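Residue strings, one per chain:
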Amino acid sequence: MSCFEWRDAPEGDFAVLGDPVSHSLSPKMHGAAYAELGLELRYLAIRVELSEFDQALDHLVALGYQGVNVTVPLKEVAFEWCESLEDGAWRYGAVNTIRLGDRAGMNTDVPGFLSVLRAHSVEPGSRVLVLGAGGSARALIRGLLDEGYAVRGWNRTRAKLDAVVEGLDIEVLDGIDVRDCEAVVNATSASLGGFDLPVEWSQASDGCLAFDLAYGKELSPFLRGASGRGLPVTDGLPMLVEQGALAFEWWLGRPAPRTAMLRSVGL
Ligand code: NDP
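Residues numbered from 1 in each chain as written. Predicted model: local features only at pLDDT ≥ 70, side-chain atom pairs only at ≥ 80, totals over all residues. Heavy atoms only, no water.

### Quick word on the sheet that holds strand β2 (residues 14-18)
Note the following rule: Two strands pair under a simple rule: DSSP has to find at least two bridges between them. The numbering of helices and of strands both runs from the N terminus, where a helix is a DSSP run of H or I of at least 4 residues and a strand a run of E of at least 2. Should any heavy atoms of two residues lie within 4.5 Å, those residues are counted as being in contact. Structural elements are reduced to axes, namely lines fitted to C-alpha atoms, with helices fitted over the stretch in contact, and the angle between N-to-C directions of any two is expressed from 0 to 180 degrees.
Within the open sheet, the seven strands sit side by side as β1-β3-β2-β4-β6-β7-β5. Their pairing is mixed. This sheet does not close on itself; its edge strands, each paired only once, are β1 (4-5) and β5 (84-85). By the bridge criterion, two bridges tie β1 to strand β3 (residues 43-47) in an arrangement that is parallel. Residue pairing for β3: Phe4 is matched across the bridge by Ile46. Strands β2, β3 and β4 (67-70) of the sheet are contacted by helix α1 (residues 26-37), whose axis makes an angle of about 165° with β3.

### Comments concerning the site of the ligand
Under the convention used in this document: When at least one non-hydrogen atom of a residue lies within 4 Å of a molecule or strand, that residue is treated as near it. Definition of a polar contact: a pair of N or O atoms within 3.5 Å, with one able to donate and the other able to accept a hydrogen when the atoms are protein atoms, and with sequence-neighbouring residues admitted only if both atoms are side-chain atoms. Note that accessible areas follow from Shrake-Rupley with a 1.4 Å probe, and for residues the cover is restricted to the protein chains shown. Classification convention: Asp, Glu, Lys, Arg as charged; Ala, Val, Leu, Ile, Met, Phe, Trp, Tyr, Cys, Pro as nonpolar; all other residues, Gly among them, as polar. The split of the chain into domains comes from an automatic or database domain assignment.
Near the ligand lie 24 residues; those nearest to it are Ala133, Ser136, Asn155, Arg156 and Thr157. Between the ligand and Ser136 there is a distance of 2.9 Å, counted from an oxygen atom to a backbone nitrogen or oxygen. One of the backbone nitrogen or oxygen atoms of Leu213 is found 3.0 Å away from a nitrogen atom of the ligand. When the ligand is considered free in solution it has 950 Å² of accessible area, and contact with the protein chains removes 81% of it. Of all the secondary-structure elements, those providing two or more residues to the shell around the ligand are α6 (135-147) and α9 (237-252). Looking at the shell around the ligand residue by residue, the classes come out as 11 nonpolar, nine polar and four charged. Counting contributing residues per domain, the shell around the ligand is built from domain 1 (4-108 + 239-264) and domain 2 (121-231), each supplying no fewer than three.

### Looking at the nonpolar core
For clarity, the threshold we go by: Buried Ala, Val, Leu, Ile, Met, Phe, Trp, Tyr and Cys residues form a nonpolar core when they are joined through side-chain atoms within 4.5 Å. Any residue under 20% of the maximum accessible area for its type is buried, any over 50% is exposed, and the rest in between are partly exposed; the area is computed with a 1.4 Å probe on protein chains only.
Counting residues in each nonpolar core, the largest one holds 28 residues, and the members touching the most others are Phe113, Leu117, Val128, Leu144 and Phe211. Residue assignment for this core shows that the elements contributing at least two residues are α5 (109-119), β8 (127-131), α6, β11 (183-186) and β12 (209-212). Dropping the residues within four chain positions of it, Leu144 is found in contact with Phe113, Leu114, Leu117, Val128, Val130, Tyr149 and Val151. If you look at the next biggest cluster of nonpolar residues, it comprises 23 residues, including Ala15, Phe53, Val68 and Phe79.

### Topic: the domain arrangement of the protein
The criterion, for reference: Using a 1.4 Å probe, buried area is obtained as the accessible area two parts lose upon being combined, added over both of them. Salt bridges are defined as contacts in which a side-chain nitrogen from Lys or Arg sits within 4 Å of a carboxyl oxygen from Asp or Glu.
Assigned domains within the protein: domain 1 (4-108 + 239-264) and domain 2 (121-231). Distance from the C-alpha centre of domain 1 to the C-alpha centre of domain 2: 26 Å. Contacts between domain 1 and domain 2 engage eight residues on the former and nine residues on the latter. Together, the buried faces of domain 1 and domain 2 total about 810 Å²; carbon and sulfur atoms form 58% of this surface. A per-residue breakdown of the area domain 1 buries against domain 2 is headed by Arg91, Tyr92 and Met239, which together make up 58% of the total. The tally of links between domain 1 and domain 2 comes to one salt bridge. When residues of the side of domain 1 that touches domain 2 are traced back to their parent elements, those giving at least two are α4 (89-92) and α9. Split into classes, the residues belonging to the side of domain 1 that touches domain 2 amount to four nonpolar, two polar and two charged.

Here you go:
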C-alpha cells in the first residue's frame, strides 16, 4: 500500500498519519466506503514524525484536507493540537480522529473497542483485565470504568501503570491473573514483535474472551494460547473497522457502509 511523506503528500480529503504508517489498512477501508457510496473522496496514508506534527498539519490544511486519523506515536500530540474535544476525549488523553477545519478531536478507539466487547456479550459489570499501560490501555481503562466494568490491570513496568491509573478504581496486579475474568485485553504492543505474554490460560474461566488489539495475517501468540484452551478470541480488526466507521460518520454526517468496510479488510 502506498504511503507518502507529509512534505510530498498530494491533495486529498482524509488521511491516516503515523510513523510507521505504511502497514495501515485505513486507506483500503475508507476507500471501500467511498466506492460503496459513490463518493469522490481520497484517503491516504501519510508518514509524519512526532517532532513535525504541527508543521505537517498546517501543510495538510493548506492542501485542503478535511480530516485525519492518527496512530502510533501521534495520539497524545494530536490531543494537544486540538482546540475542542468531543465525546469524552478529554478524559482519555488521546485523540485518534481530527476534523481539521475547526481543530476538533475525538477518540473513536474507545467506542470501537467497547462495541467489540458488547458484540461478544461482555457487558458492563463484567470483570475485564487490561494488559499494558500505553496510550491505548490508558484510554480503554477510562472507557471501561465509565461504562461500569470492573477493571484489573497489569503492565510489564508496574510503575508506569500505577501512574496511569492514579486515582482510578482499578485493581493493579503484579502478575497476570486471568481467573474470574470475562475478558482479557492485550493492549500491549508485544504481538507486533511476535512476543507472547506470561498468561496461564488454563486458569481462565470457560467463555473468557481473549482480545488482542493487534492484528495480522496469523493469530498472535497471545490469541493462539487462548484458542488452544478453547476460549473465544478476537484480534484488533473488528475494532479497527468500528473506529473507522465512527470517524467516517463524524466527518461526513452519514451512516458508514460497515459491511463494505468489513469486507475490505477480509472480515
Ligand atoms: P504504546 O507504545 O503506547 O504502549 C506499549 C505497551 O506495550 C506498554 O505498556 C509496554 O510496556 C507494552 N509492551 C511492549 N512490548 C512488550 C512486551 N514484549 N511484553 C510486555 N509488554 C510489552 O502502544 P499503544 O498503546 O499505542 O498500542 C498498543 C497496541 O494496540 C499496539 O499493538 C497497537 O497496534 C494496538 N492498537 C490497535 C488498535 C485497533 O484499532 N485495533 C487501536 C489502537 C492500538 P512497558 O510500559 O513495560 O514498556
